[in-house]
Amino acid sequence: MADSWVNSAERIGADLHVELAGSGSRRAALTRALRSAVQDGRLAPGTRLPPYRSLAADLGIARNTVSQAYAELVAEGWLTARQGSGTRVAPRAEPVRPARVAVEPPPRAAVGPAHNLMQGQPDAGSFPRGAWLSCARRALNAAPNEAFGPGDPQGRIELRRALADYLARVRGVRTTSDRIVVCSGFAHALRLLFGGQVLRGPLAVESYGLAFHRSLLAAEGVRTVPVGLDEQGARVAEFSQRPELKGVRAALLTPGHQFPTGGPLHPERRAAAVDWARARGRVLLEDDYDGEFRYDREPVGAVQGLDPERVVYLGSVSKSLSPAVRLGWMVLPEQLVEPVLAAKGMREAWASVLDQLTLADLIESGAYDRHVRRMRQRYRSRRDQLLAALDEHAPHITAAGIAAGLHAVLRLPVGTEGAALKAAARQGIALDGLAGYRHPDAVMPAQDGLVVGYATPPDHGYQAALDALCRALPPMR
Ligand SMILES: Cc1ncc(COP(=O)(O)O)c(C=O)c1O
């Protein structure tokens, strides 16, 4: 039978499985196996091979056999041996390329729009790399061995405890760690809730929202019914007034900062939405996607605080840290915890346990608060710069949704959005119009506007982006 070894990263840089198969001596088999690993690129140039002693012990062969195999490959030029740095794969040992190279996607066009004002992302350059690294190091050092086994689908208790305290302190969420289920973000939460049959449609949604979320729900077989919006947020009275909304079993709202049009849900409407859910046995889904970033007023707390048994509160680090982290949370009414866990399955299959421990440490150590505070200042001054530019060059244009978040909506006269988008494109600006966010079945009058994301442009290019934007706006009539 063939002997095999799997080297550990501690011994050599990359993981590799070597089989001592075939006829002939052990030395010949090892030489063949290593040579082919170098040839086909599994052992990259510069990779350090294990010391004779440990490889011999792993394979149950003599040390001398390993040293002879290495020496043969050094003589052939596949390996190099230097005093002090051990045996390594030779730098010139280019792997043999397969005859047919897999088709790779074409590289992205080198020339894109000059100014990126697309909403959706936090400032990628501000990710707290140093803090994340030190929290990861500390969390991994402190983690018990069982943390490296299969994960609990509810999420690490360290993170759930940290979140329960943090969300209570910062967002007014009323919960305990056993009501929290960790997931990989808002989109994942929607999939679990509806794909896992925890909740069923039809679902009331705001007339303007992310098309991506609407298609995700449609893919899960959920019909969405749009509710109107005005300057006080979603018109929740429609839940009981409009016949097409009477049959909905749940409602998805962005009460902190209507996405993307702007304002918070009026306090009376917050209460009315909860009353509707209570009276009709319905569930409210609260998408608190950017709740930490409020600038002008007292923070608007979570609706969940009004009735934790009727509201599913959903959040993630996608705006506060980065959408690349893929960590989010669901704060659930008691009766939904078990169904959501059943939808997740026996083991955690989505949210990395190590990242959960790191995020728990980031929150507990205060580094998360510090990062959010720093970003709040940054985004606020970005927003102020946008308002100053409008004030100077386009005072007839109103910016909405400016009290919070990472984007604003520039309101435009009805019928002018398409032309403004074309003008923006001519100025080299990438950004969206409101039309792309409108629910196809919406009955409220269409709103024209440009959705301006101000988080991502680099500092040195931001003023130029704003100047270009102002040139693209329709002139005063
Ligand atoms: C309206 C809205 N909800 C939720 C999210 C968060 O989505 P996720 O946690 O899946 O990245 C975003 C984007 O960050 C968003 O724009």
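Look up a bit, the structure's there.
Residues numbered from 1 in each chain as written. Predicted model: local features only at pLDDT ≥ 70, side-chain atom pairs only at ≥ 80, totals over all residues. Heavy atoms only, no water.

Enquirer: I'd like a rundown of the sheet that holds strand 12 (residues 283-287), residues and numbers included.
Expert: Taken in spatial order, the seven strands make up an open sheet running 6-14-13-12-11-7-8, and their pairing is mixed. The open sheet has two edge strands with one neighbour each: strand 6 (180-183) and strand 8 (224-227). Between one strand axis and the next, the sheet turns by 20° as a mean value, whatever way the strands run. By the bridge criterion, four bridges tie strand 6 to strand 14 (residues 328-331) in an arrangement that is antiparallel. Paired with I180 across the bridge in strand 14 is V331. In the packing of helix 10 (residues 267-280) onto the sheet, contacts are made with strand 11 (250-253) and strand 12, and the angle to strand 12 comes to roughly 145°. (Pairing = 2+ DSSP bridges. Helix = DSSP H or I, 4+ residues; strand = E, 2+ residues; numbered from the N terminus. Axes fitted to C-alpha atoms, helices over the stretch in contact; angles between N-to-C directions. Contact = heavy atoms within 4.5 Å.)

Enquirer: Help me get a handle on the site of the ligand, residues and values and all.
Expert: All residues in the neighbourhood of the ligand are listed as G185, F186, A187, L210, H213, F259, D287, Y289, S316, S318, K319 and R326. A distance of 3.0 Å separates an oxygen atom of the ligand from a polar atom in the backbone of A187. One of the side-chain nitrogen or oxygen atoms of S316 is found 2.7 Å away from an oxygen atom of the ligand. Residues of the shell around the ligand, tallied by class, amount to five nonpolar, four polar and three charged. (Near = heavy atom within 4 Å. Polar contact = N/O pair within 3.5 Å; in protein donor to acceptor, adjacent residues only side chain to side chain. Nonpolar A, V, L, I, M, F, W, Y, C, P; charged D, E, K, R; others polar.)

Enquirer: Describe in detail the sheet that holds strand 15 (residues 398-400), supporting the description with residues and values.
Expert: Spatial strand order, 15-16-19-18: four strands in an open sheet with antiparallel pairing. One side of each edge strand has no neighbouring strand; the edge strands of this open sheet are strand 15 and strand 18 (432-433). With two bridges connecting them, strand 18 and strand 19 (residues 449-453) associate as antiparallel partners. Bridge pairing in strand 19 links D432 to V451.

Without other data, these values stay purely geometric and don't point to any function.
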